[in-house]
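# Observations on the three-dimensional arrangement
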Amino acid sequence: MAELNMEEAVLTTRLDTVVNWARKNSLWPMPFGTACCAIEFMSVMASKYDLSRFGAEAMRFSPRQSDMMLVLGTVTNKMAPVLRTIYAQMAEPKWVISVGVCASSGGMYRTYATLQGIDRVIPVDVYVPGCPPRPESMIYGVMKLQEKIEKESLSQRDDHIRRFYESLDRQHALEAEKGLTGQQAIRHMLMDAAEQGAATIF
Ligand code: SF4
């Protein structure tokens, strides 16, 4: 077998492949923890489950330094504008994992005060079922996100992110025009969307 001369070796690949490989192995989590799922997430980050094995240990509480938001817990309607602002401030490309039934569907809180699924107000990439999901389930969710990132293309600016920013402009315009709070504007938009048979506002 001919000896491989490493100094002359050439490797060809696609830019998408290299960049996505780097992206999927260096996710910076932004925990949006509001309830018990956040406690479960602490064990995901601790030594037993150790998310750093996936290159995702650099947890940041600043959206501008994060690209993977994990929504961990019940989100009330009052928190919806905060969630949208934090998502808007995150660096792009960015991804969202909805952890647990509360974040994904409102869970057992079928009440007027609880947002019935965060995907009504921000785009979600992966849903992790359970109440609370086991740490293994959260890790599986991160692995599913990695698979998704692997297939993305650099030239693609996700349509749902563009639509999200448009909806944020609409929200701010409503607030300014009608003197509404963020929560009231989002409620208004959700009701408009429901009249048109849509469940989301973006
Ligand atoms: S899904 Fe269960 S564990 Fe998670 S926040 Fe809701 S009630 Fe708590």
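Our structure is the block above this text.
Time to look at the overall build of the protein. Counting its secondary structure elements, the protein contains seven helices and four strands. Traced from its N-terminal end to its C-terminal end, the protein shows the element sequence α-β-α-β-α-β-α-β-α-α-α. Viewed in the frame of its principal axes, the protein has a C-alpha envelope of about 75 × 40 × 30 Å. Every one of the 202 residues in the protein was classed for burial, and the buried ones make up 42%. Long-range contacts, defined here as pairs at least 24 residues apart, represent 75% of the contacts in the protein between residues at least 6 apart. Taking the average location of the 22 positive side-chain charges in the protein and that of its 23 negative ones, the two points are 8 Å from each other.

This brings us to the site of the ligand. The environment of the ligand is formed by Ala35, Cys36, Cys37, Gly73, Val101, Cys102, Gly130, Cys131 and Pro132. Those elements giving two or more residues to the shell around the ligand turn out to be α2 (36-45) and α4 (100-105). Residue composition of the shell around the ligand, by class: seven nonpolar, two polar and no charged.

It is worth spelling out the pairing of strand β1 (residues 29-33) at this point. Within β1, four of the five residues are buried, which leaves it mostly tucked inside the rest of the structure. Across five bridges, β1 lies against strand β2 (residues 68-72) in parallel orientation. When the bridges of β2 are listed, glycine 33 appears paired with leucine 72. As for the winding sense of the linkage, the β-α-β connection from β1 through α2 to β2 is left-handed.

How each quantity is defined
- Residues numbered from 1 in each chain as written.
- Predicted model: local features only at pLDDT ≥ 70, side-chain atom pairs only at ≥ 80, totals over all residues.
- Heavy atoms only, no water.
- Helix = DSSP H or I, 4+ residues; strand = E, 2+ residues; numbered from the N terminus.
- Buried < 20%, exposed > 50% of the residue type's maximum accessible area, 1.4 Å probe, protein only.
- Contact = heavy atoms within 4.5 Å.
- Lys, Arg positive; Asp, Glu negative; His and termini not counted.
- Charge placed at Lys NZ, Arg CZ, Asp CG, Glu CD.
- Near = heavy atom within 4 Å.
- Nonpolar A, V, L, I, M, F, W, Y, C, P; charged D, E, K, R; others polar.
- Pairing = 2+ DSSP bridges.
- Right-handed = clockwise from strand over helix to strand, strands pointing away.

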